[in-house]
Amino acid sequence: MKRIERVNDFVVRFANVNGSGSASANSLFAKVVYRLGVPVSPKNVFPSNIQGLPTWYEVRINDKGYLGRRGGADFIIAVNGQTLRDDFDMVQPGGYFLYDSTKDLPAGFSRDDITVIGIPITQLCNDEFSDNRMRQLMKNIIYIGALAYLLDIGLEPVSDSITKQFAKKPKLAEPNIKALEIGYHYAKEHHTESCGLSIQASDAVGDQILIDGNSGAAMGALYAGATVVGWYPITPSTSVVEAFERFAGRYRLDPDTGKRRYAAIQAEDELAAIGIAIGAGWNGARSFTATSGPGISLMSEFLGLAYFTEIPVVLINVQRSGPSTGMPTRTQQSDLLACAYASHGDTRNVLLFPSDPRECFDMTADAFDLADRLQTPVIVMSDLDLGMNDHLCAPFSWDDQRRYDRGKVLSGKELDQLERKWGRYLDIDKDGICYRTLPGAHPDKGAYTTRGTSHNEYAAYTEGSAAYERGMNRLLNKWETARRLVPLPEVVIRDKQKKLGAFFFGSTTASAIEALDRLEESGIAVNSMRIKAFPFQAEVFDFISEHELVFAIEQNRDCQMQILLAGECLVAPGKMMPVTNFNGLPITARIITNQVHTTLLSREKSFISPAPIAQEETS
């Protein structure tokens, strides 16, 4: 058997039971690798129940910085009897399988192409700890200790991390370090030459931080000046508001009185949640809500109200698998059409597509400026993979000289100085954006009725066709203004002849970049465009029109970005070819390269001589 022998380039997969306390131990492993300066990307694959069902935690380690999900696993730690067979079968040939050898493997567990490593985790735990709950928790730390030896990490980096984790409760660190040492010394005594994988300290991480996208979005809202959040809990967006409350509770308190300078209101449902945020935006506060697909469905009526009445509000959508309840704890990019045209009638909403936690921070902060400037809803399109998993990214930064863009808001003094009659929906500057007032700005000027029914330039109710058409056309003009304000796409040219192109967005970025590098190594040069926003700019249209064939890399079944582009750009059928993944797991570079190869082989016109298709794991 030829063993896999690599340094700082492999995938470790933990197979556990949900609710067993394994998540913190597995996260500890990922953070130790990060602190050693080695690029790492953890993915938590968990069920939607509280406990009892299988859960997996994948850690990709790659010193070149390819940190999209790879697929497959080189080393599996299997401590869940429910999935033992599947976990055993999915180890890559030449890989490693660590299991709890307190009990023998069942009959039929035989492979001559992998290394099986037995650690009697339960027995070791029972011998050392008497408390049942402690035994359950320390099992996870014992296998982390075994990994510390098998992967050449050593005890010190892990014990240091444990000490830091329990700095405020040092007594809790003691049993964890004891369990760590038990696992380490058992592996050292019984498996001296068992593993060819190794983690060695590096400086490849540089100054990058390891953080989840939901925390980035929450901090972006805080820095943007958000003071009101209306929300209703829903996976995977709940931790956005939890993080915002945590940050605001620390940084948004009155220094003299200690009172809160923010309001986080848990509503009875998603409709009320966005209603709270819209009401606060109408009143002049910077406000937001966070939700996922089912919440978007329920919020669409209020999104239409905010669009038509022109009230600023920010919505952070952490997408998950649908439709309906779908797979609540799996990732997708399947809300594009629902968000772009949310509500009945003619509506268009500004969308932003962050690709890492740093962009979750930046784009969420920018969303508040855009919402105020454009007086409209702005939706930040994250997803479960980006939002709930930790990712490496550039450190967050903020320019202290930056000033919030509150847009066209008239003060009482400005109302007094107006030389003409003010109208809430009167477009003075011909950019589609009107001047608004806030309640209490003036004792007798600037008041108006905000209504969801058709209105004229002075906010008066009307069903006159001409006034309605003027208002709707003005909103289209505002859309053109938005096109000039949202971030431009990021274009990379690998082939100046521009035969093949590909576009991607959001959390698919890491895997897409890796796939395009792999394709170029095999002689297939594909230019790329990372879409950052909707509405699309001329650069997006030009990229598609200039290439003979464009691959649409998406994480949904129906190619929703392709549909959006086809409608907005009037692209000829067949110009864009789908590259999709919708199994609820993050897309991999292998999925992308395989579908690109398959498409090129099936085309009547040969663009290139494609390389053989690599096998893709389905788990």
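What counts, and at which threshold
Residues numbered from 1 in each chain as written. Predicted model: local features only at pLDDT ≥ 70, side-chain atom pairs only at ≥ 80, totals over all residues. Heavy atoms only, no water. Axes fitted to C-alpha atoms, helices over the stretch in contact; angles between N-to-C directions. Helix = DSSP H or I, 4+ residues; strand = E, 2+ residues; numbered from the N terminus. Parallel < 35°, antiparallel > 145°, perpendicular 65-115°, else oblique. Left-handed = near helix turned anticlockwise from the far one by under 90°. Contact = heavy atoms within 4.5 Å. Nonpolar A, V, L, I, M, F, W, Y, C, P; charged D, E, K, R; others polar. Pairing = 2+ DSSP bridges. pLDDT = per-residue confidence, 0-100. Salt bridge = Lys/Arg side-chain N within 4 Å of Asp/Glu carboxyl O. Buried < 20%, exposed > 50% of the residue type's maximum accessible area, 1.4 Å probe, protein only. Expected span 1.5 Å × (residues − 1). Bend = angle between axes of the 7 residues up to and from the residue. Domains from an automatic or database assignment. Buried area = accessible area lost by both parts, 1.4 Å probe.

**Examining the packing of helix H7 (residues 213–223) against helix H12 (residues 357–374)**
Across the interface, H7 lies against H12 with an axial gap of 7 Å and an inter-helix angle of 30°. As far as their axial angle goes, H12 and H7 are roughly parallel. Classified by chirality, the crossing of H12 by H7 is right-handed. The residues of H12 that touch H7, namely those facing Gly213, Gly216, Ala217, Met219, Gly220, Ala221 and Tyr223, are Pro357, Cys360, Phe361, Thr364, Ala365 and Phe368. When grouped by side-chain class, the residues that make up the contact of H7 with H12 number nine nonpolar, four polar and no charged.

**As for the sheet that holds strand S19 (residues 490–492)**
Spatially, the five strands line up as an open sheet ordered S19-S21-S20-S23-S24, and their pairing is mixed. The strands lining the two open edges of the sheet, one partner per strand, are S19 and strand S24 (576–580). With strand direction ignored, the average angle separating the axes of adjacent strands in the sheet is 20°. Two elements, S19 and strand S21 (residues 527–530), share three bridges in a ladder whose sense is antiparallel. Directly across from Val492, in S21, lies its bridge partner Ser528. Of the strands in this sheet, strand S20 (500–504), S21 and strand S23 (549–554) touch helix H16 (residues 509–521), which is tilted by about 160° from S20. Along the sheet, helix H17 (residues 538–546) contacts S19, S20, S21, S23 and S24; its crossing angle with S21, the most-contacted strand, is approximately 155°.

**What about the confidence of the model for the protein?**
When the pLDDT values of the protein are averaged, the result is 95; 97% of them are 70 or greater. When the criterion is pLDDT under 50, residues 609–615 qualifies, and its contacts beyond four places in sequence or with other chains add up to 13 contacts.

**Examining the pattern of salt bridges**
Taken as a whole and judged by the stated rule, the model has 35 salt bridges. As a salt-bridge pair, Arg60 and Glu514 come within 2.9 Å of each other at their nearest N and O atoms. Of this pair, Arg60 sits in strand S4 (residues 54–62) while Glu514 sits in helix H16, and the two are 454 residues apart along the sequence. Of the two residues, Arg60 and Glu514, both sit in the buried class. Measuring nitrogen to oxygen at the nearest pair gives 2.8 Å for the salt bridge that ties Lys478 to Glu310. With Lys478 in helix H15 (residues 465–485) and Glu310 in the loop between helix H10 (293–309) and strand S13 (313–319), this residue pair connects regions lying 168 residues apart in the sequence.

**Comments concerning the sheet that holds strand S15 (residues 377–383)**
What the seven strands build is an open sheet, ordered S11-S10-S12-S13-S15-S14-S22; its pairing is mixed. Both outer strands of the open sheet, strand S11 (263–266) and strand S22 (533–534), are each paired with one neighbouring strand and no more. Note: strand S14 (residues 350–352) against S15, three bridges, orientation parallel. Its bridge partner being in S15, Leu351 is matched across the sheet by Ile379. Along the sheet, helix H9 (residues 270–282) contacts strand S10 (228–231), S11, strand S12 (287–291) and S13; its crossing angle with S12, the most-contacted strand, is approximately 160°. Of the strands in this sheet, S12, S13 and S15 touch H10, which is tilted by about 160° from S13.

**Things to note about H10**
Compared with an ideal rise of 1.5 Å per residue, which puts 17 residues at 24 Å, H10 spans 24 Å between its outermost C-alpha atoms and is within 8% of the ideal. In the structure, H10 departs most strongly from a straight axis at Met299, where the bend amounts to approximately 50°. Every buried residue belonging to H10 is among Gly293, Gly295, Ile296, Met299, Leu303, Gly304, Ala306, Tyr307, Phe308 and Thr309, and all of these are buried. Check the buried side of H10 and you find it contacts H9, S12, S13, helix H11 (336–340), S15 and H15. Positive phi shows up at Glu310, right after H10, with a value of about 65°.

**Brief notes about the domain arrangement of the protein**
Domain boundaries in the protein define domain 1 (6–198), domain 2 (211–393), domain 3 (409–485) and domain 4 (490–607). A C-alpha centroid distance of 35 Å is found between domain 1 and domain 2. Listed as interface residues are twelve residues of domain 1 and, on the opposing side, nine residues of domain 2. Summing both partners gives a buried area of about 900 Å² for domain 1 against domain 2, and 59% of it is carried by carbon and sulfur. Summed over the three residues of domain 1 that lose the most area to domain 2, namely Pro42, Lys43 and Phe46, the buried surface amounts to 47% of that side. Where domain 1 meets domain 2, there are one salt bridge. One salt bridge connects Lys43 with Asp385, and the closest N-O pair in it is separated by 2.9 Å.

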